[in-house]
Amino acid sequence: MEDPWVEHRERMVETQIISRGVKDERVIAAMRQIPRHLFVPSEVIDYAYNDEPVPIGEGQTISQPYIVAYMTEMLNLKEKDKVLEIGTGSGYQTAILASIAQEIYTVEIIASLSLRAQELLAQLGYRNIYFKIGDGTFGWEEHAPYDAIIVTAAPASLPRQLEAQLKLGGRMVIPVGSTFQELYLLTREKEGVKKKKLLPVRFVPLITVH
């Protein structure tokens, strides 16, 4: 049976992602393939492929498709990379990462969101994703260091624990700020961590227990 959402995904990729300059073929292929509509609640399914964030419950959102694509491209992922994701949320970004890199470790503080994402991603056949329910500001130290770290909610300032879990040459993409945020690319080099400002963004705040 033909997937009725294929056309929506194709339009999303062409008009929201390729047209805005995303060039990484693996990111584009993942976004063409992954059924984004399954990652949103049924009452907002008609908005799944729109050029906007969509609420997923618990005050959280699934990011705008372009932002998902852009942040993933900025990580410059390799096939053998081990990736840490802070903020599992719906699991959509997790699925994109898992389609490209070898191992994904994802941390979510809201248990109900993590459990829902775990169930869906298992149903979709992903076997390279490892889940943790907890405070993402601490990362997931036992599996560090990581080739790449992506943070999908905004802390007021850069969490030093995450910087410390990047391996040499590792990249982190993270939105930082309270009311208004900037997206940053951090790269760990021998001399230290290099920070590059990418673009202004709007994310929900990163929830922390402390």
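This is a predicted model, so every value here is computed, not measured.

## Considerations on the sheet that holds strand β6 (residues 146–151)
For sheets, the rule is that strands pair by backbone hydrogen bonds, running either parallel or antiparallel.
Move 1: Strand order in this open sheet of 7 strands is β5-β4-β3-β6-β7-β8-β9, and the pairing throughout is mixed. Here the strands that pair on one side only, and so sit at the sheet edges, are β5 (129–133) and β9 (192–201). Each strand axis lies, on average, 15° off the axis of its neighbour in the sheet, ignoring direction.
Move 2: Direction of pairing for strand β8 (residues 181–189) relative to β9: antiparallel, over a ladder of 9 bridges. Following the sheet pairing, L185 is matched in β9 by K196.
Move 3: In the packing of helix α5 (residues 111–123) onto the sheet, the strands contacted are β4 (103–108) and β5, and the crossing angle to β5 comes to about 165°.

## Here we look at the pairing of strand β1 (residues 54–57)
Move 1: Here β1 pairs with strand β2 (residues 60–62) via 3 bridges, running antiparallel. Opposite G57, over in β2, you have Q60 as the bridge partner.

Conventions adopted
- All residue numbers refer to positions counted from 1 along the written sequence of the respective chain.
- Whole-chain, interface and lining totals are the exception, using all residues; otherwise, since this is a predicted model, local features are given only for residues with pLDDT of at least 70 and side-chain atom pairs are given and counted only at 80 or more.
- Note: side-chain values were computed over all heavy atoms of the structure, leaving out hydrogens and water.
- Whether two strands pair depends on DSSP finding at least two bridges between them.
- Helix and strand assignments follow DSSP, with helices taken as H or I runs no shorter than four residues and strands as E runs no shorter than two, numbered in order from the N terminus.
- Note on geometry: axes are lines fitted to C-alpha atoms, helical ones only across the stretch in contact, with angles between N-to-C directions running from 0 to 180 degrees.
- Should any heavy atoms of two residues lie within 4.5 Å, those residues are considered in contact.

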